[in-house]
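Here is what each chain is made of, one letter per residue.
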Amino acid sequence: MARIGFLGLGNMGGPMAANLIKAGHDVAGFDPVPAARERLAVAGGRVAGSIAEAVRDAEVVLSMLPEGRHVRAAYLEAGGVLEVAAPGTLLIDCSTIDVETARAVAAAAAARGLAMLDAPVSGGVGGATAGTLTFMVGGEAEAFERARPILEAMGKAVIHAGPSGNGQAAKICNNMMLGIQMISVCEAMALAEKLGLAHQTLFEISSKSSGQCWSLTSYCPVPGPVPSSPANRGYAAGFTVAMMRKDLKLAQEAAQAVGARTPLGAEAYQLYNLFASEETRGLDFSAIMTMIGGKAD
Ligand code: NAD
């Protein structure tokens with residue numbers, strides 16, 4: 001079992017750290033938010049007072065932070081991970097961030113002789129709690145093999161996506177598909193209703209036809225057809241509007257950087273931008289149905 005330093009004990013990091021503890025690992029965690037540290041203590045982890053304290057004795061460092069700027073700060077600043085980690089420590093960042101930051105921080109780690117993986121996840125808070133996340137991992141094959149048993153304590157699928165940054169590339173490509181597909185299901189449901197076709201009937205037909213996709217069959221954005229979907233509980237998240245907007249923005253930035261054509265990804269980003277407000281940003285991303293299903297001009 002490994003000594004693990006865990007940075008970022010929020011909605012995702014908290015339950016991920018708890019699953020590592022359940023699997024028998026020794027976890028020292030840091031988060032600036034007192035309630036997050038308290039949850040780690042309740043789960044049986046050791047609370048560290050700083051990044052340095054969490055990382056100093058660790059064999060593996062895991063981070064689950066909001067955005068690229070937080071990852072840069074935690075790893076690169078004075079007193080941060082790269083300054084403090086002992087030789088041989090394996091670094092794994094599970095946050096969803098831009099490919100460029102992931103590659104830059106991994107290169108800085110390599111310059112200090114430390115192996116670093118980008119390992120963003122799919123599966124949300126439910127998957128983090130149940131230990132059923134999918135990890136998409138970028139970095140050296142040898143580091144990936146070292147990380148695999150640690151990640152398996154938190155997930156059901158651990159997939160090597162190629163060199164550094166490719167985990168983030170996989171994540172933003174996947175979430176761009178998800179955002180576009182969710183909007184397509186919302187549009188179809190709205191059109192069906194106006195044509196006099198019940199949501200439930202379209203669901204029964206399309207879930208067995210070529211329009212079938214996860215946004216329809218597992219996460220249906222209208223109440224009724226999939227009782228477990230957020231639409232049945234006032235669109236309580238789940239995966240928030242703010243997060244979908246963030247991931248679509250990352251996809252657009254990446255597309256521009258490499259000259260890829262993503263017209264529907266661009267449109268999906270614009271629609272989530274339009275929908276995201278103070279009131280809606282914390283709702284589940286399937287709540288965009290309330291905008292798309294509204295009255296046409
Ligand atoms: P969150 O805001 O709940 O948690 C992030 C935590 O990081 C916070 O508790 C914050 O205090 C902490 N933090 C910030 N700076 C820190 C530092 N320097 N050291 C230690 N801790 C620090 O966010 P979350 O929902 O847990 O998401 C984390 C990441 O996972 C994001 O990149 C997000 O896009 C990604 N993600 C989230 C979901 C989801 O459904 N919530 C799903 C897949 C991926």
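A brief structural summary. For clarity, every value in this text was computed on a predicted model and none was experimentally measured.

## Focus: the environment of Ala-169
Okay, step 1: Looking at where Ala-169 falls in the secondary structure, it is placed in helix 9 (residues 166–194).
Okay, step 2: Residue classification places Ala-169 among the partly exposed residues on the basis of a relative accessible area of 24%.
Okay, step 3: Separated by 24 residues in sequence, Ala-169 and Glu-145 place their C-alpha atoms 20 Å apart.

## Some points on the side chain of Ser-229
Okay, step 1: Relative to the helices and strands, Ser-229 resides in the loop between helix 11 (214–217) and helix 12 (241–258).
Okay, step 2: A relative accessible area of 0% means that Ser-229 is categorised as buried.
Okay, step 3: Filtering out sequence-adjacent residues up to four positions away, Ser-229 remains in contact with Ser-218, Tyr-219, Cys-220 and Val-222.

## Thoughts on the site of the ligand
Okay, step 1: The local shell around the ligand holds 22 residues, among which Asn-11, Met-12, Asp-31, Pro-66 and Lys-246 are the closest.
Okay, step 2: With respect to the ligand, the backbone of Met-12 contributes an N or O atom lying 2.8 Å from an oxygen atom.
Okay, step 3: Contact between the ligand and Lys-246: an oxygen atom at 3.0 Å from a side-chain N or O atom of the residue.
Okay, step 4: Protein contacts shield 85% of the accessible area of the ligand, which totals 830 Å² for the unbound molecule.

## Quick word on the packing of aromatic side chains
Okay, step 1: Per the stated rule, a full pass over the model turns up three aromatic pairs.
Okay, step 2: Ring geometry for Tyr-219 and Phe-285: centres 5.5 Å apart, planes at 25 degrees, overall stacked. Taken as a pair, Tyr-219 in the loop between helix 11 and helix 12 and Phe-285 in the loop between helix 13 (263–275) and helix 14 (289–292) lie far apart in primary sequence, 66 residues in all.
Okay, step 3: Ring plane angle 80 degrees and centroid distance 5.8 Å describe the contact between Phe-239 and Phe-285, whose orientation is recorded as edge-to-face. With a gap of 46 residues between them, Phe-239 in the loop between helix 11 and helix 12 and Phe-285 in the loop between helix 13 and helix 14 connect regions that are remote in the sequence.
Okay, step 4: Judged by relative accessible area, Phe-239 falls into the buried class, the value being 17%.

Definitions and cut-offs
Residues numbered from 1 in each chain as written. Predicted model: local features only at pLDDT ≥ 70, side-chain atom pairs only at ≥ 80, totals over all residues. Heavy atoms only, no water. Helix = DSSP H or I, 4+ residues; strand = E, 2+ residues; numbered from the N terminus. Buried < 20%, exposed > 50% of the residue type's maximum accessible area, 1.4 Å probe, protein only. Contact = heavy atoms within 4.5 Å. Near = heavy atom within 4 Å. Polar contact = N/O pair within 3.5 Å; in protein donor to acceptor, adjacent residues only side chain to side chain. Areas by Shrake-Rupley, 256 points an atom, 1.4 Å probe, with all protein chains shown as cover. Phe/Tyr/Trp six-rings, centres within 6.5 Å; stacked < 30°, edge-to-face > 60°.

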